[in-house]
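Structure assessment
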Amino acid sequence: MGPILTGERLRGPGAGRRIGHSGSGVVGQVDQVGQLVVGGRSDLDLDEDAFARTQLGGVDHVADMAVRNPREAPGSAGIVEDHTVLCDVGDAVLQLHEHVGTVVDAEAVAGAEVLVDPDTHECRTVPPPAYIGSTVIEEDEPTTTISPTPPRAPRRDHTWHRPTGEVTDPYAWMRDLDDPELLAHLEAENAFAEAFFDPHRDTIDAIDAEIRSRVQETDLSTPVRFGDWWYVVSTTEGQSYPVHHRGRSADTATEHVLLDENVEAAGHDYFDLGAFDLSMDHRFVAWSTDTTGDERYALRVRDLTTGDELDDRLDEISNAGVAWSRDGDWLFYVTPDPQERPSTVWRHRIGTPVVDDVRVFEETDERFFVSVGSTRSEDWIVIHTASRTSSETLVVAAGRPTDDATVVSERRPGIEYGIDHWGDSFVMHTNDDAVDFRLLIASTDDDWARPDAWSELVAHEAGRRILGADAFAGHLVIHEWYRAQPRLRILFRDRTERVVDLGTEPHDVEPSTNPQWETDLLRFTV
């Protein structure tokens, strides 16, 4: 029995020259019985050893076969059509019930060895017409490009002394951005990357053009109402970054330019916008940027009525959220520790020096990462600190920003929770006694810092995993997985509910931008 051939196309990895579909000339065709008819090239011979490893297919009706290695004894090989299904083991290398599809026999040749392919090839069957009548042409041996040697960063002895023990770090010296050896290494890395990609420049450009051809570069987001304004983001072909606008109506949402990221990115090799948070009266926007790639952001405050920047500038902060007080006089932000972990929340008064900022909360446990934000109701500032398995939330009244932050529920191992404000109540999303999470509720008039102040709003149901709950003035939007499908469930204040019907076909759904507190409109993406 000859080799089993199946796959994408007829191909042989022969030791000598290879006959393929993109070579220098036509050398023959495969006839109706599968014989290679050589035309005008008496010096070409099939390599049976390589032929035994060929693959058969009919993507473009072109067959690729290996040409005999000149050091092998002369001989010939033929292809015959032979459909079969092997229903027993037979040869030791064949699998039980292997669907061969097509079997190719090679004529006996002195010194030639015909191998049997044990791969089932996912039981694909290739019809003989895929290769019968195809054209066989010769192609040159592919050339091999030797890649440049990648640079190696120098190693320097350094030990970090930590509570959990000493840690050796030979690359700690690279934290010093002013070290000339670091700059030299980065330049060597860039040179290596250029040398590696240069031979593929045409392919890179073709792929880039293919991707761009499928992207609408000049575009406008859907206008979103927030307060008395409509906000929108635009992109323009040829520009790398978006532009942020607002207007008094959806039709005029591009009337006022709030921030042009292209202008801010000019002159920088790297640019990333972090925060873009409006004060509650929509007069100011706190926005932060990273122009070096070190993930340390500089935060500024822009007066949207004049377009001018205030003197306030907060450097070396984390991209972990910001929050405004109700009167717009105070701004909460987060700074990182030496390991770049967002760890400390600060309160800054607009118009005062940064040295006067007050530390509101500091997370000393290295497992926990800190973030800050505001509730949609704009009544509370929320500080959230979380590890992979547990979390803790603190709140400050937005109308009393100088009050101490209050812990909602003390952290416990394995217990995760988060809260949102729902008018006269707080809603907690937690896995406490609920592996797939549940929702609890407590009145803001009660002492909600006490565990017994909380009652169950949405009970735990095994197999229905609640991912979160967004509070609006008149309803809650519950994002959950149910029967292996994500869905959105609306819970109204009278405890009636409605599921957003997305059908039974497999899908994904996520809540989108919904900043408005009092609304009966829900934006989501599918």
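Residues numbered from 1 in each chain as written. Predicted model: local features only at pLDDT ≥ 70, side-chain atom pairs only at ≥ 80, totals over all residues. Heavy atoms only, no water.

1. Brief notes about the confidence of the model for the protein chain
Low pLDDT marks regions whose predicted coordinates should not be analysed in detail. To keep it simple, the criterion reads: Per-residue confidence from the predictor is given as pLDDT, running between 0 and 100. Here, residues are in contact when the closest pair of their heavy atoms is within 4.5 Å.
Per-residue confidence for the protein chain gives a mean pLDDT of 79; residues scoring 70 or more make up 72%. Contacts for the low-pLDDT stretch residues 1–138, under 50 throughout, to residues beyond four places or in other chains number 285 contacts.

2. Points about helix H2 (residues 180–197)
Quick note on the threshold: The numbering of helices and of strands both runs from the N terminus, where a helix is a DSSP run of H or I of at least 4 residues and a strand a run of E of at least 2. Each helix should span, by expectation, one fewer than its residue count multiplied by 1.5 Å. Polar contact is defined as a pair of N or O atoms within 3.5 Å, subject to the rule that within protein one atom must be able to donate a hydrogen and the other to accept it, and that residues adjacent in sequence are counted only when both atoms are side-chain atoms.
For H2, built from 18 residues, the straight-helix expectation of 26 Å at 1.5 Å per residue is met to within 8% by its first-to-last C-alpha distance of 26 Å. Taking the backbone nitrogen of Glu181 as reference, a side-chain oxygen 2.9 Å away marks Asp179 as the first, capping residue of H2.

3. Thoughts on unusual backbone geometry
The phi angle of most residues is negative, glycine excepted, and most peptide bonds adopt the trans form. Rules: Note on exposure labels: buried denotes an accessible area under 20% of the residue type's maximum, exposed denotes more than 50%, and partly exposed covers the range between, all computed with a 1.4 Å probe on protein chains only.
A positive phi angle is found at Glu295, which is not glycine, with a value near 65°. As for its placement among the helices and strands, Glu295 is situated in the loop between strand E16 (284–290) and strand E17 (297–303). Looking at Glu295, the relative accessible area reads 59%, which means it is exposed. Phi angles above zero are rare outside glycine, and Asp433 is one such case at about 60°. By the secondary structure assignment, Asp433 is in the loop between strand E28 (425–430) and strand E29 (438–443).

4. Looking at the packing of aromatic side chains
Spelled out, the test is: Two rings belonging to Phe, Tyr or Trp (six-membered ring only in the last case) form a pair when the distance between their centres is within 6.5 Å. Interplanar angles under 30 degrees mark stacking, angles over 60 mark edge-to-face geometry, and anything in between is tilted.
Under the counting rule described, the total for this entry stands at eight aromatic pairs. When the centroid spacing of 5.2 Å and the interplanar angle of 75° are considered together, the rings of Tyr241 and Phe271 count as edge-to-face. Of this pair, Tyr241 sits in the loop between strand E12 (229–235) and strand E13 (243–247) while Phe271 sits in the loop between helix H4 (261–265) and strand E15 (272–278); the two residues are 30 residues apart in sequence, bridging distant segments of the chain. Assessed through its relative accessible area of 24%, Tyr241 is described here as partly exposed.

5. A few points about the sheet that holds strand E32 (residues 475–482)
Short version of the rule: In this analysis, strands are considered paired if DSSP registers two or more bridges between them. Here the axes come from fitting lines to C-alpha atoms, over the contacting stretch only for helices, and the angles between their N-to-C directions go from 0 to 180 degrees.
With respect to topology, four strands assemble into an open sheet ordered E31-E32-E33-E34, the strand pairing being antiparallel. Of all strands in the sheet, those with a lone pairing partner are strand E31 (464–471) and strand E34 (497–499), marking the two edges. Sheet twist, expressed as the mean angle between neighbouring strand axes with direction ignored, is 25°. Sheet topology note: the strand E33 (residues 485–492)/E34 ladder contains three bridges and is antiparallel. Across the sheet, residue Arg489 finds its bridge partner in E34, namely Val499.

6. As for the sheet that holds E15
Backbone hydrogen bonds are what pair the strands of a sheet, in a parallel or an antiparallel way. With antiparallel pairing, the four strands of this open sheet are ordered in space as E15-E16-E17-E18. Bordering the open sheet on either side are E15 and strand E18 (309–317), each of which pairs with just one other strand. Across the sheet, the mean angle separating the axes of adjacent strands is 20° when strand polarity is ignored. As paired strands, E16 and E17 are joined by six bridges and run antiparallel to one another. Its bridge partner lying in E17, Val285 is registered against Arg302.

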